[in-house]
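The residues making up each chain are set out below.
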Amino acid sequence: MSFKKILFSSLFLVCCTVIFSETTDFTIIDMVHPYNLDPHTANYSSDAQILTGLYEGLFTYDPATLEPQPALAESFKISRDKLRWTFTIKENARFSNGDAITAQSIKDAWIAVLNPELQAPFSSLLDCIKGAREYRTGTGSAEDVGITVQGRQKLTVTLTSPTEYFDSILCHHAFSAVSPKKGVYSGPFILESYQDNILIMKKNPQYYDAENVVLDTITVIQSDDLAENAYSFNTGSADWIISAASVDSIIDYQSIVINAQFATEYLFFKADRAPWNRADFRNALLAAVPWAELRSQAFVPAETFIYPVYGYESPAGINDTDMDEARLLLAQAKENAGMSSDEPLEITIAVSDTEYMFSQAALLKQAWEELGITVHISKTPESRYLSSISGWVADIFSYTWIGDFSDPLAFLELFRSGSSMKESAWSNPEYDRLLQDAALENSGERLELLSQAEDVLLSDGVVLPISHPVTLNIIDQQAVGGWYPNALDIHPLKYLAPKQAPLFIPNLVMAE
């Protein structure tokens, strides 16, 4: 750890004040998993945290409020009809190799994200740009995308409809300035090395705001030894631990930061095989789900899909278990489908090889077999579970989604027809219409339409909400500045810095 504490005192003192000798190195401990450091294709929150240090776009997150703050954008303006955003890029914006970051750099990076051959997971967030959806789905050309370069520093973006949250979208790492040259970065740090579960970043001297970046080095150690990680924090070898520590072993309990996350753990129907591609069959199964047991391990049980944000009124949730109702609904569904009452039904639940997911599947298996349904459980290693979903022949899958920006659309986009983030084959014209109509409205009216869209999703029996996860971070906020608890659990690395406040330790005798 680099925020070293050096004690100066005397044999004659019975107490002392700790004086900081502050260097500018910082050590993070995270769990073991391979980082994807390509901002265009990275899909996990752990990747996003590292990418806040290596790349930056027109906007970045405020570390406390998550409100979008201009980054590479010196300024921007919105046309009166709200269909054109014009950005002016900072004159001193540079890539880490010294190349200028220009309006063309931003356009090139966004066109690369939209390239249909890349299938970038977050590319559909740019569907609000004229021609973007057509290009990324292979029905249009890059030349028709509404991004225009005006000279070296000006970029104009033409939207299909007013999109008041466009600056929030542009905080996402997928829309950063990315050089076509390898090993070149646009953020406050550069990657020095990543091997043997140790990642080292160094301060980027070409960064436009380098003088306000305090840290010289950030070292990320990946370790699943929870006890050892706690020991590292207790003894000053680590400044920040992300999840991976034995909480009971942490001496300074005030350093343990737990807060609810703008995220949802849920099960969903892939909805591409009969009869589970029908809402009436899905809702019959949902009536039989033992919701209380399924959510028994949740810190924050979820009855709806979206964690509530300010101004958003959630629709009615899913929480009722009624086996008689389930049998009646299933009988009606069979009749509607022209099936005999005794026609057998089968369903496959896809799980990773973890005890938690097996226990969830076992609860559903027991409940649905009471309805006379044959339930299969199919498994794969946890490390490849998510990447297997698209090609897996199964009906029920598990997912945890963390919102990419603080807005209900960050979740609803997952089920919009044509979304690049969509894993389910479900689609609903009413749902798509509500999202489209919401894009034309402001504030309260917009949130009301999004709530109606969530209600359609829940009423169609597509998702089974389980919990809103909580985040665990271990960090001494009295010693570390620029780090704040927030709903996305994203902490831009450029703001991290040692605080000047001294630490008082009573009744401590120190030798000179």
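Here, residues in each chain are numbered from 1, in the same order as that chain's written sequence. Given that this is a predicted model, residues contribute local features only at a pLDDT of at least 70 and side-chain atom pairs are listed and counted only at 80 or more, while totals for whole chains, interfaces and linings are drawn from all residues. Just so you know, side-chain values use all the structure's heavy atoms and leave hydrogens and water out.

1. Section: the overall build of the protein chain
Summing up its helical and strand segments, the protein chain has 13 helices and 23 strands in all. We take the radius of gyration over the C-alpha atoms and set the globule estimate at 2.2 Å times the residue count to the 0.38 power. Scaling as 2.2 N^0.38, a compact globule of 512 residues should have a C-alpha radius of gyration of about 24 Å, and the protein chain matches this with 25 Å. Taken along its principal axes, the extent of the C-alpha atoms in the protein chain is 90 × 60 × 40 Å. Under the scheme applied here, a residue whose accessible area is under 20% of the maximum for its type counts as buried, over 50% as exposed, and between as partly exposed, the area being computed with a 1.4 Å probe on protein chains only. Across the 512 residues that make up the protein chain, the buried fraction comes to 53%. The criterion used for residue contact is that any of the two residues' heavy atoms lie within 4.5 Å. Residue pairs at least 24 apart in sequence account for 70% of intrachain contacts in the protein chain once pairs closer than 6 positions are excluded. Residue burial considers only the protein chains on display, and all accessible areas are found by Shrake-Rupley using a 1.4 Å probe. Per element, the accessible surface of the protein chain, about 22600 Å² overall, is 50% carbon and sulfur. Side chains of the protein chain carry 34 positive and 67 negative charges; the gap between the two charge centres is 8 Å. Strands here are runs of E lasting at least two residues and helices are runs of H or I lasting at least four, both read from the DSSP assignment and numbered beginning at the N terminus. We score Asp and Glu as negative and Lys and Arg as positive, and we do not count His or the chain ends. A charged residue contributes its charge at one atom only: NZ of Lys, CZ of Arg, CG of Asp or CD of Glu.

2. Quick look at helix α2 (residues 103-114)
Here the expected length of a helix is defined as 1.5 Å per residue gap, with one fewer gap than residues. Here α2 spans 17 Å end to end across 12 residues, near enough to the 16 Å set by a 1.5 Å rise per residue. Within the span of α2, buried status applies to Ala103, Ser105, Ile106, Ala109, Trp110, Ile111, Val113 and Leu114.

3. Description of the state of the cysteines
Cysteine sulfur atoms that pair up within 2.5 Å are treated as a disulfide. Summed over the entire model, instances satisfying the criterion amount to 0 disulfides. Free of any disulfide, Cys128 has its nearest neighbouring cysteine sulfur in Cys171, separated by 13 Å. Residue classification places Cys171 among the buried residues on the basis of a relative accessible area of 10%.

4. Here's the deal with the environment of Thr137
Along the chain, Thr137 turns up in the loop between α3 (132-136) and β8 (147-150). Thr137 sits 281 residues away from Gly418 along the chain, and the two C-alpha atoms are 8.2 Å apart. Any pair of nitrogen or oxygen atoms within 3.5 Å is treated as a polar contact; in protein, a donor-acceptor pairing is required on top of that, and neighbouring residues in sequence qualify only through side-chain atoms on both sides. A polar contact of 2.7 Å, which involves the side chain of Thr137, links it to the backbone oxygen of Arg133. A polar contact of 3.4 Å, which involves the side chain of Thr137, links it to the side chain of Thr139.

5. Things to note about the sheet that holds strand β14 (residues 256-260)
In this description, strands pair whenever DSSP reports at least two bridges between them. Across the sheet, which stays open at both edges, the 7 strands sit in the order β10-β11-β12-β3-β13-β20-β14 with mixed pairing between neighbours. The open sheet has two free edges, formed respectively by β10 (189-195) and β14, since each of these has just one partner strand. The average angle at which neighbouring strand axes cross in this sheet is 20°, direction not considered. To obtain an axis, a line is fitted to C-alpha atoms, over the contacting stretch when the element is a helix, and the angle between two such axes runs from 0 to 180 degrees between their N-to-C directions. This element, helix α1 (residues 45-54), spans β3 (25-30), β10, β11 (198-203), β12 (217-222) and β13 (240-242) of the sheet and lies at about 135° to β10. This element, helix α5 (residues 226-234), spans β3, β13 and β20 (470-475) of the sheet and lies at about 155° to β13.

6. Topic: the packing of helix α6 (residues 279-288) against helix α8 (residues 323-336)
Contact geometry for α6 and α8: axes closest at 8 Å, N-to-C directions at 165°. Taken together, the axes of α6 and α8 lie roughly antiparallel to each other. Once α6 is placed against α8, the crossing between them reads as left-handed. Between α6 and α8, the contacting residues are Asp280, Phe281, Asn283, Ala284, Ala287 and Ala288 on the first element and Met323, Glu325, Ala326, Leu329, Leu330, Ala333, Lys334 and Asn336 on the second. In the scheme used here, Gly and all other residues not listed as nonpolar or charged are polar, with Ala, Val, Leu, Ile, Met, Phe, Trp, Tyr, Cys and Pro taken as nonpolar and Asp, Glu, Lys and Arg as charged. Split into classes, the residues belonging to the contact of α6 with α8 amount to 9 nonpolar, 2 polar and 3 charged. Just so you know how the angles are binned, under 35 degrees is roughly parallel, over 145 roughly antiparallel, 65 to 115 roughly perpendicular, and the rest oblique. Note on convention: near helix rotated counterclockwise from far helix by under a right angle means a left-handed crossing. Clockwise means right-handed.

7. Quick notes on the pattern of salt bridges
If the charged atoms of two oppositely charged side chains come close together, the side chains can form a pair. Salt bridge, as used here: a side-chain nitrogen of Lys or Arg that lies within 4 Å of a carboxyl oxygen of Asp or Glu. In total, this model carries 13 salt bridges according to the counting rule given. Ionic pairing is found between Asp395 and Arg273, a salt bridge with its closest N-O pair at 2.9 Å. With Asp395 in the loop between α10 (385-388) and β18 (396-402) and Arg273 in the loop between β15 (263-269) and α6, this pair connects stretches of sequence that are 122 residues apart. The exposure class assigned to Asp395 is buried, which follows from its relative accessible area of 2%. Among the residues examined, Arg273 registers a relative accessible area of 30% and is labelled partly exposed. Residues joined in a network through salt bridges with shared partners are Asp127, Arg136, Glu413 and Arg416.

8. Notes on the confidence of the model for the protein chain
For the protein chain, mean pLDDT is 92; residues scoring 70 or higher make up 93% of the total. Scored between 0 and 100, pLDDT is the confidence that the predictor attaches to each residue. Across residues 4-21, confidence stays below pLDDT 50; counting only partners more than four residues off in sequence or on other chains, it has 47 contacts. Scored below 50 in pLDDT, residues 502-512 makes 33 contacts in the model with residues more than four places away or belonging to other chains.

9. Describing the sheet that holds strand β7 (residues 84-89)
In any sheet, the strands associate via hydrogen bonds between backbone groups, in a parallel or an antiparallel arrangement. With respect to topology, 4 strands assemble into an open sheet ordered β6-β7-β9-β8, the strand pairing being antiparallel. Looking along the sheet, the strands with just one partner apiece sit at the ends: β6 (73-78) and β8. The average undirected angle you get between the axes of adjacent strands in this sheet is 20°. Across 4 bridges, β8 lies against strand β9 (residues 154-158) in antiparallel orientation. Bridge pairing links Ile147 to Val157 in β9.

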